[in-house]
Amino acid sequence: MGRFLLRRLLFAFVLIAVASSSALLLARLAPGDITAQLGPFAPRAEVENTRARFDLDRSPIAQWWLWVQRASRFDFGDSFLYNRPVGPLVAGAAVNTALLGIVSLAFATLVGISLGIFTGARSSGVLPSLVRGVSLACVSMPPLLTSLVFVFIAARTGWLPAGGMVSSTSIDPSWSTWVVDVLWHLPLPALALALPIAATFERLQSQTMSEAVHQPFVLAAVARGVGRRRLILRHAWPVSVRPICAVYGLAIGALLSGSFIVEFVTAWPGLGRLMLDALRARDVYLVAACAATGASFLALGTTVGDLLLAVADPTVREQ
Amino acid sequence: MKFAGWALLLTVAVAALLAPWLAPNSPNRRFDDLLYAPPTRIHFFQDGLRAPFVHTLRVASRRERRFEVVESTRITLRWFTDGALVTARPDEGAPLLLLGADGYGRDIWSRLLHGARTTLALSLAATLLATLLGTAVGGIAGYAGGWLDAILSRVSEFVLVLPAIYVALALRAVLPLVLPAPTVFLLLLVIFALLGWPIVARGVRAIVLAERERDYAVAAHAVGASDLRVLTRHLLPASRGYLRTQATLLLPAFILAEATLSYVGLGFPDTTPTWGTMLQDASNVALLGDAPWTLAPAAAIFAVVLGVNLLAQGTGRAPVQLEP
């Protein structure tokens, strides 16, 4: 266990270092730089000053080395776009993305797996067929489409706010009204992100469940007189859930990819939007910090996925 | 199920192939008086049954985007003229807008048909390229083994865990933001192929690794077949079924990737109709509620992805689709 975590920590460190360094160098080597934001008629001195402030007057390698030295002291540089240190900026966006991601994943897991058990354990019937049909439609509706459709419905009916994380009316709200406001804005993007993933979980769980109920050990349990509910939940399910734990790590990547577009469509102030703006403006240090945060989410997610797999599958634990 | 999938995909393919003929208007023609105009209604009755005709639309309020139907006008649809299946009279301000108009007053139905060509050509080409690349890498890794296998496998595992959209975004965003359409096509093709190959490679490697030990492969070796021949003529055909399944995963993913990148403004320029660039019109929440027809490309994407999923459904074990 200790060695596993140590290896994971090492992997996370390498992933973060590679992702942020390559993001920094890519943004630096891209045509055009930050000073384009100053406009075409900016005085020469101001352009030179800005270039010096963001170390653009050094060679890319020298700039990278300087950034590594500073980052080791937890100084990640300034953002030109927001004129602030990138640390708190990215931390705020990361919290928003994490909130969206965790709520969506929890919803997708709960709904997807319980519906999958339901449809997998029954071969026919009106309700299972209905669930299967809805799930097939949802799996064909990636987050880009779900979020657009939900925003359209919200704009048309006004049931939920169509975008953003807080209403613009509450400028200086108390803590409790802020929480209520966020909770009011959360369901739309969270559902848009969760539905396709829930449908994927449902399909996978349904498949493995329908295979599991035909295993000899289930038949043996039937012969011993085990009740139906216990048969499915205690005997068949623990076996059938393993393949899902195996794709859980990959689901984190899908969640991050999906949250980018959901954040964009629903104006959720998360990491995706920040990274896109930073990339387009060539805001080098902001790009690097966003990439580092995304990479750490990914490392954390795959580790959790592997731990889940170890819990569900004893053969993995022994390796 | 499988039949429905084929029917959906064939319809879309035929529509894309015949786009110039099926489209009533030129995809980039702007009808300046008809911004966000609703779909044109086709009528059959006015004082008795008549050949299908439309009424002209008049702007009632430009600011509220309200239109009035001028009931006194009657424009009979013209069939098989001007190289199109059916049109109205676009030159006299009465175009046939089957799915309404977008923010520049362009015909959404015509753009949808033309956009299908670019979007589908790109995704199909990217699927082909990624599959070829993945098969080559996976085949070599599985057949050669040793350090080569180790390196190739680590690389593909690394690419596999990355969130694809972010990588595509980063790779695209660091190039000049405005590029001509053919350059964008090639660029996205390469980016998509680079992101898609590892999924294919991993499976092909496992298949080649297992098949290599089978008697028929050993026999081929024994009669003096070269490594290349054994790999390409004997081992890789075993992965055919697997490749077909993977292609059904990659195609929707690439359609979505194009749509996503174009939607956020990093894909094709607006003058090139693709399903992604068309969706930009739906990005204005205030207008979206009043002009649901701007969501037409979303419906088209849904139809194709559903068609592919229905096909995959028919071939036994449904594949797991995670990346958007």
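The preceding data block contains the structure.
Residues numbered from 1 in each chain as written. Chains lettered and ligands numbered in written order. Predicted model: local features only at pLDDT ≥ 70, side-chain atom pairs only at ≥ 80, totals over all residues. Heavy atoms only, no water.

**Q** Please set out the pairing of strand β5 (residues 84-87) of chain B residue by residue, giving values where relevant.
**A** Residue and element names in this part refer to chain B. Where strand β4 (residues 78-81) lies against β5, three bridges are found, and the strand directions are antiparallel. Looking across to β5, one finds that Arg78 is bridged to Thr87. From the end of β4 to the start of β5, which pair antiparallel, there are two residues, and Asp82 there has a positive phi angle of about 50 degrees. (Pairing = 2+ DSSP bridges. Helix = DSSP H or I, 4+ residues; strand = E, 2+ residues; numbered from the N terminus.)

**Q** If you had to explain the side chain of Asp149(B) to someone new, which residues and values would you point to?
**A** Relative to the helices and strands, Asp149(B) resides in helix α4 (residues 146-161). Beyond its immediate stretch of four places on either side in the chain, Asp149(B) contacts Ala141(B) and Arg205(B). (Contact = heavy atoms within 4.5 Å.)

**Q** Account for the side chain of Thr118(B), naming residues and giving values.
**A** All names here are of chain B. By secondary structure assignment, the location of Thr118 is in helix α3 (residues 108-144). Its relative accessible area of 17% is what places Thr118 among the buried residues. Dropping the residues within four chain positions of it, Thr118 is found in contact with Phe185, Phe268, Thr272, Pro273 and Thr274. (Buried < 20%, exposed > 50% of the residue type's maximum accessible area, 1.4 Å probe, protein only.)

**Q** Summarise unusual backbone geometry; cite the residues concerned and give the values.
**A** Residue and element names in this part refer to chain A. For Asp55, which is not glycine, the phi dihedral falls at a positive 60 degrees. Within the secondary structure, Asp55 sits in the loop between α2 (44-53) and α3 (60-71). One non-glycine residue, Arg282, adopts positive backbone phi at about 60 degrees. Relative to the assigned elements, Arg282 resides in the loop between α12 (271-281) and α13 (284-312). Take Arg282: its relative accessible area is 7%, and that puts it in the buried class.

**Q** Quick rundown of the interface of chain B and chain A? Include the residues and the values.
**A** With 46 residues of chain B in contact, the opposing surface of chain A contributes 47 residues. Counting each side, the surface lost to burial between chain B and chain A is near 4,200 Å², with a carbon and sulfur contribution of 76%. Where chain B touches chain A, the interface holds zero salt bridges. Linking chain B with chain A are five residue pairs in polar contact (both at pLDDT 80 or more), by the criterion used here. Only α4, α5 (164-173), α9 (240-263), α11 (285-288) and α12 (296-314) of chain B provide two or more residues apiece to the side of chain B that touches chain A. In terms of residues, the side of chain B that touches chain A owes the most to one element, α12(B), which gives eight residues. Of the residues belonging to the side of chain B that touches chain A, the class tally is 38 nonpolar, six polar and two charged. (Buried area = accessible area lost by both parts, 1.4 Å probe. Salt bridge = Lys/Arg side-chain N within 4 Å of Asp/Glu carboxyl O. Polar contact = N/O pair within 3.5 Å; in protein donor to acceptor, adjacent residues only side chain to side chain. Nonpolar A, V, L, I, M, F, W, Y, C, P; charged D, E, K, R; others polar.)

**Q** Lay out the packing of α4(B) against helix α6 (residues 181-211) of chain B with the relevant residues and their values.
**A** Residues and elements named next belong to chain B. The interhelical angle for the contact between α4 and α6, taken along N-to-C directions, is 130 degrees, at an axis separation of 9 Å. Here α4 is positioned oblique relative to α6, judged by the angle of their axes. Remark: the crossing between α4 and α6 carries left-handed chirality. From α4, Asp149, Ser153, Val155, Ser156, Val159 and Leu160 reach across to α6, where they touch Leu194, Leu195, Trp197, Pro198, Ile199, Arg202 and Arg205. (Axes fitted to C-alpha atoms, helices over the stretch in contact; angles between N-to-C directions. Parallel < 35°, antiparallel > 145°, perpendicular 65-115°, else oblique. Left-handed = near helix turned anticlockwise from the far one by under 90°.)

**Q** Outline the nonpolar core, supporting the account with residue identities and numerical values.
**A** Counting residues in each nonpolar core, the largest one holds 141 residues, and the members touching the most others are Leu144(A), Ile261(A), Phe192(B), Tyr263(B), Val264(B), Trp275(B) and Ile301(B). Beyond its immediate stretch of four places on either side in the chain, Leu144(A) contacts Ile261(A), Val265(A), Leu256(B), Ala259(B), Thr260(B), Tyr263(B) and Leu279(B). (Core = buried A, V, L, I, M, F, W, Y, C linked by side-chain atoms within 4.5 Å.)

In short, shape yes, function no, at least from these values alone.
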